[in-house]
Amino acid sequence: MSHYKIAVFVGSLRKESINRRLAHALEKLAGDQASFDYIRIDDIPLYNQDHDSQFPAQGTRMKHQVAAADAVLFVTPEYNRSIPGVLKSAIDTGSRPHGDNAFQGKPAAVIGTSFGSAGTAMAQQHLRNVMVAVGLAAMPRPEAFVQFKEGMIEADGSVASEGTQKFLQGFMDAFFDWIRTQQPK
Ligand code: FNR
């Protein structure tokens, strides 16, 4: 069985983030098949093209982590029907300077959760646009719009219901298949 190193971007900085819980649940379900490298984005300066020639160290750190990963996973909330600005800024940073885009060609997937019934669908659609723009190979399906319910996932990533567990396991299995198909032949 293959083991994949996955660079994980959680789009929320909130301590009690339900998206971070979701990421932990996916990490648990991945078991031995993957190690999750959680990418720190809270200290990366807001993207500024003036800094392309004197790149911020936090941006370089992130780019090295992405370069060392087999794949990228975004677990993101929806803010005002799009992705949080902090996540977009981090992605912009990772894609620069021109010609040194850390994301180019990496297999990637997106998932997210919110209390609303649309379960971050709009944010994910916006993120897919950005993923294509930076050359990530975005897994087309399954889509995973997770409506969060109180008690659904604990802080340590334990999932209460068998149905939710199966759904999330299916998502990870599809992601592993996708990573395999994207490996250079
Ligand atoms: C939200 N929230 C939200 N939810 C949603 O389903 N669609 C949306 O467009 C928005 N917009 C939005 C904007 C801003 C600025 C905030 C702070 C929140 C609610 C959001 O889903 C909720 O706060 C989640 O708990 C955020 O995810 P984390 O931080 O818990 O992972």
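In this report, we go over the structure that sits alongside the text. Remember, predicted model here, so these are calculated numbers, not experimental data.

Moving on: the side chain of Gln65. Within the fold, Gln65 resides in helix H2 (residues 57-67). Only 3.2 Å separates the side chain of Gln65 from the side chain of Asp37, close enough to count as a polar contact. The residues touching Gln65, leaving out its near neighbours within four places in the chain, are Ala7, Asp37, Tyr38 and Ile39.

Before going further, it helps to spend a moment on the pattern of salt bridges. Scanning the entire structure with this criterion turns up nine salt bridges. Salt-bridge contacts for Lys28 lead to Asp156; the nearest nitrogen and oxygen are separated by 3.7 Å. Of this pair, Lys28 sits in helix H1 (residues 18-30) while Asp156 sits in the loop between strand E6 (145-147) and helix H5 (162-182), placing them 128 residues apart in sequence. Looking at Asp156, the relative accessible area reads 45%, which means it is partly exposed.

Moving on, we come to the side chain of Ser12. Mapping Ser12 onto the fold places it in the loop between strand E1 (4-10) and H1. Take Ser12: its relative accessible area is 5%, and that puts it in the buried class. Only 3.1 Å separates the side chain of Ser12 from the backbone nitrogen of Arg14, close enough to count as a polar contact. Apart from residues lying up to four places away in sequence, Ser12 is in contact with Ser17, Arg20 and Pro77.

So, about the environment of Ala7. Mapped onto the elements of the fold, Ala7 is located in strand E1. A relative accessible area of 0% means that Ala7 is categorised as buried. Residues Ala7 and Pro142 lie 135 residues apart in sequence; the distance between their C-alpha atoms is 19 Å. In contact with Ala7, other than residues within four places in its own chain, are Asp37, Ile39, Gln65, Val66, Ala69, Ala71, Val72 and Leu73.

Criteria and thresholds
- Residues numbered from 1 in each chain as written.
- Predicted model: local features only at pLDDT ≥ 70, side-chain atom pairs only at ≥ 80, totals over all residues.
- Heavy atoms only, no water.
- Helix = DSSP H or I, 4+ residues; strand = E, 2+ residues; numbered from the N terminus.
- Polar contact = N/O pair within 3.5 Å; in protein donor to acceptor, adjacent residues only side chain to side chain.
- Contact = heavy atoms within 4.5 Å.
- Salt bridge = Lys/Arg side-chain N within 4 Å of Asp/Glu carboxyl O.
- Buried < 20%, exposed > 50% of the residue type's maximum accessible area, 1.4 Å probe, protein only.

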